[in-house]
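Understanding the architecture of this molecule
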Protein chains: 2
Amino acid sequence: MKIRIAIAGYGNLGRGVENAVSAADDCELTALFTRRDPKSITTRTGIPVYAMEDAEKMKDQIDVMILCGGSANDLPVQTPEFAKHFNVVDSFDTHARIPEHFAAVDAASRQAKKVSMISVGWDPGMFSLNRCYGQAILPNGKDYTFWGRGVSQGHSDAIRRIPGVKDAKQYTIPVESALESVRAGENPELSTREKHTRECFVVAEEGADLAAIEKAIVTMPNYFSDYDTTVHFITEEELKREHSGIPHGGMVFRCGNTGADNENRHIIEYRLQLDSNPEFTASVLTAYARAVYRLAKEGQYGCKTVLDIAPAYLHPQTPEELRKNLL
Amino acid sequence: MKIRIAIAGYGNLGRGVENAVSAADDCELTALFTRRDPKSITTRTGIPVYAMEDAEKMKDQIDVMILCGGSANDLPVQTPEFAKHFNVVDSFDTHARIPEHFAAVDAASRQAKKVSMISVGWDPGMFSLNRCYGQAILPNGKDYTFWGRGVSQGHSDAIRRIPGVKDAKQYTIPVESALESVRAGENPELSTREKHTRECFVVAEEGADLAAIEKAIVTMPNYFSDYDTTVHFITEEELKREHSGIPHGGMVFRCGNTGADNENRHIIEYRLQLDSNPEFTASVLTAYARAVYRLAKEGQYGCKTVLDIAPAYLHPQTPEELRKNLL
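The text that follows walks through the structure, step by step, so that each part is easy to find.

Let us look at the environment of Gly250(A). Residues and elements named next belong to chain A. Note on placement: Gly250 falls in strand S12 (residues 248–258). For Gly250 and Arg271, which are 21 residues apart along the polypeptide, the C-alpha to C-alpha distance reads 5.7 Å. Residue contacts for Gly250: discarding those within four places in its chain leaves Phe127, Phe146, Trp147, Gly148, Tyr270, Arg271 and Leu272.

What follows is the structure, given as structure tokens:
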């Protein structure tokens, strides 16, 4: 019997989960839940679409619910709510608010004797567990995280709010010389400006003051003023043609020393190059949905994060097969 | 109270564990056990040295025993034997014999109500778990493992057995163009020769036939004949000066596709650059000794591998601290 998975929310992430679950031989899609009019949605794979508020009625047909809403407004409410009736997985990514989100979801899951997982994805997610492994193995060391080359949705939105801007896409780019220094084991101290640059592709309204837009971008506090930022004005056609993808990625490093006199240097690098940020996040969510299903069968109720899950729980093979084939 | 760790065996790996445990604030070294005359050994940090056969008498003073013998002859006997009285960790690395080693150690541990972990290190070990995570997240994909640049002990030993060879060191080197192709997402099919080259530094006996030695190396089946191999004859002094280290490392890749038409490509790379292979392995063993201690306190008896251990068990911080600081 396959693991019966449902999706709540059908944006980029929800569509990514639809693809990821389709690619997992031991999983099947049961239902999609939406806040829009269900009749207005046709899913790519033909999974039936229901109104969000009808989900509870179907709880016996669903092993794991993957929540595909946004971290700012949707998940803080949705995840604890769904955790009352379902095993759930979300990709909550507001780092500073993880402890309170965890507490709310954990309480709901324990009460309902269900399993939940929050903050599943690549950062938080795969990057977090690489920080954990790296720090545990090399206690005498230093962490580095770089992001990109990839599209930052938040920075793209910030540009779009500037008067005279019709559309925009912002790429975060790690500085090559900084990466080289870290990989060479130089343990550099890096300022914000030394780690990443920002490249912006902007479509201006007709007659807009381009110099004013550029100045508004590069001097914008928090978003751009601490970075070397490049602004390119392009046509709407070029933006659509060249910048419609949502690539992302990055690297987590742990650089540490061992030995009687710390004479030996070790560098651990975990690197992601992703053509589609939401599809990769969806693939991580789907692998962890398998873990949630297994933990629920074991009765390990409550909220978990990627740090609490043994790798074998993610893989479709049995522990015996994994020891034989993969260890 | 600190985790009380003992070491069995004082070769390169045992000395590495001595350093790694010293660097872990929540661990302390209780004892070193050896098959040599204990009086003949002075440990760097002053830990007391005992005969291997006296270990059992000290079982109440030791939380975890880290076994630092070799995989060929020592560990298949030692690990099941020590598992009768101790929580143990070993770095058994004969991939093909892992299932039988697991079965023997598991039986001993369950009977004794102890926890054991086998095959802890970087391959098997960290590389294995990256294969597991990669396959689980990107089921539609391909694995690549490269080793080096690093010293292969087995290949160095094979050269030393050739008549006329006084000493030798062999480096395994990944082929740069193969790495570039994998990182570029080209999903190449790579033969053995296309993945790695081998570089040998050989000290010949006086008057030895160098051409014969070189031919014996490059044509040696299994070890060298499937590779492009370079042989350098150097002096004993140069070997000592330039090649006394034991660096190693490598990369595990998972290259996979997602999307309705598999149109999006994702590349996960885990890379190690290690100045000292035994010291890094020792650092991994020590982190997993912490996990073994915690599992033993929870009563999770039996044999485990890195695939069975949630990342949080390795880290000195509590799950709450990890969620706040690291996730």
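Before going further, it helps to spend a moment on the relation of the copies chain A and chain B. After a rotation of 180° and a shift along the axis of 0.0 Å, chain A superposes on chain B with an RMSD of 0.0 Å. As the rotation angle and translation indicate, the two copies are arranged about a two-fold axis. Closest approach to the rotation axis within chain A is made by the C-alpha atom of Ala310(A), at a distance of 1.9 Å. Of the residues that chain A buries at the interface, 100% are likewise interface residues in chain B, meaning the two copies contact each other through the same surface.

We now examine the sheet that holds strand S5 (residues 88–89) of chain B. Residues and elements named next belong to chain B. The parallel open sheet is built from seven strands, whose spatial order is S3-S2-S1-S4-S5-S6-S14. The sheet terminates laterally at strand S3 (49–51) and strand S14 (302–304), the two strands that pair on one side only. Where strand S1 (residues 3–8) and strand S4 (residues 64–67) come together, four bridges link them in parallel fashion. In the sheet register, Ile5 faces S4, and the bridge partner there is Val64. Against the sheet, helix H1 (residues 12–23) makes contact with S1, strand S2 (27–34) and S4, and its axis sits at roughly 165° relative to S2, the strand it touches most. Across the face of the sheet, helix H10 (residues 277–298) comes into contact with S1, S2, S4, S5, strand S6 (115–117) and S14 while running at roughly 145° to S4.

Further remarks concern the interface of chain A and chain B. Facing the 62 residues of chain A at the interface are 62 residues of chain B. When the area that chain A buries against chain B is broken down by residue, the three leading residues are Tyr133(A), Arg323(A) and Leu327(A), summing to 14%. At the junction of chain A with chain B, the criterion picks out zero salt bridges. Summed over the shared surface of chain A and chain B, the result is 23 residue pairs in polar contact (both at pLDDT 80 or more). Sorting the residues of the side of chain A that touches chain B by element identifies helix H3 (98–112), helix H4 (126–137), strand S13 (264–274), helix H10 (277–298) and helix H11 (319–325) of chain A as the ones contributing at least two each. For the side of chain A that touches chain B, the element with the most residues is S13(A), which contributes 11 residues. Of the residues that constitute the side of chain A that touches chain B, the class distribution is 33 nonpolar, 15 polar and 14 charged. Bridge count between S13(A) and strand S13 (residues 264–274) of chain B: nine bridges; the pairing is antiparallel. Along S13(B), the bridge assignment pairs Tyr270(A) with Tyr270(B).

For the rest of this paragraph, the subject is the pattern of salt bridges. Residues and elements named next belong to chain A. The final tally for this structure, using the stated rule, is 35 salt bridges over all chains. Here Asp63 and Arg4 are joined by a salt bridge, their closest N and O atoms 3.1 Å apart. Here Asp63 is found in the loop between strand S3 (49–51) and strand S4 (64–67), whereas its partner Arg4 is found in strand S1 (residues 3–8), with 59 residues between them in sequence. A residue is classified by how much of its surface remains accessible, and Asp63, at 12% relative accessible area, is buried.

The rules behind each value
- Residues numbered from 1 in each chain as written.
- Chains lettered and ligands numbered in written order.
- Predicted model: local features only at pLDDT ≥ 70, side-chain atom pairs only at ≥ 80, totals over all residues.
- Heavy atoms only, no water.
- Helix = DSSP H or I, 4+ residues; strand = E, 2+ residues; numbered from the N terminus.
- Contact = heavy atoms within 4.5 Å.
- Least-squares fit on C-alpha atoms with pLDDT ≥ 70 in both.
- Pairing = 2+ DSSP bridges.
- Axes fitted to C-alpha atoms, helices over the stretch in contact; angles between N-to-C directions.
- Buried area = accessible area lost by both parts, 1.4 Å probe.
- Salt bridge = Lys/Arg side-chain N within 4 Å of Asp/Glu carboxyl O.
- Polar contact = N/O pair within 3.5 Å; in protein donor to acceptor, adjacent residues only side chain to side chain.
- Nonpolar A, V, L, I, M, F, W, Y, C, P; charged D, E, K, R; others polar.
- Buried < 20%, exposed > 50% of the residue type's maximum accessible area, 1.4 Å probe, protein only.

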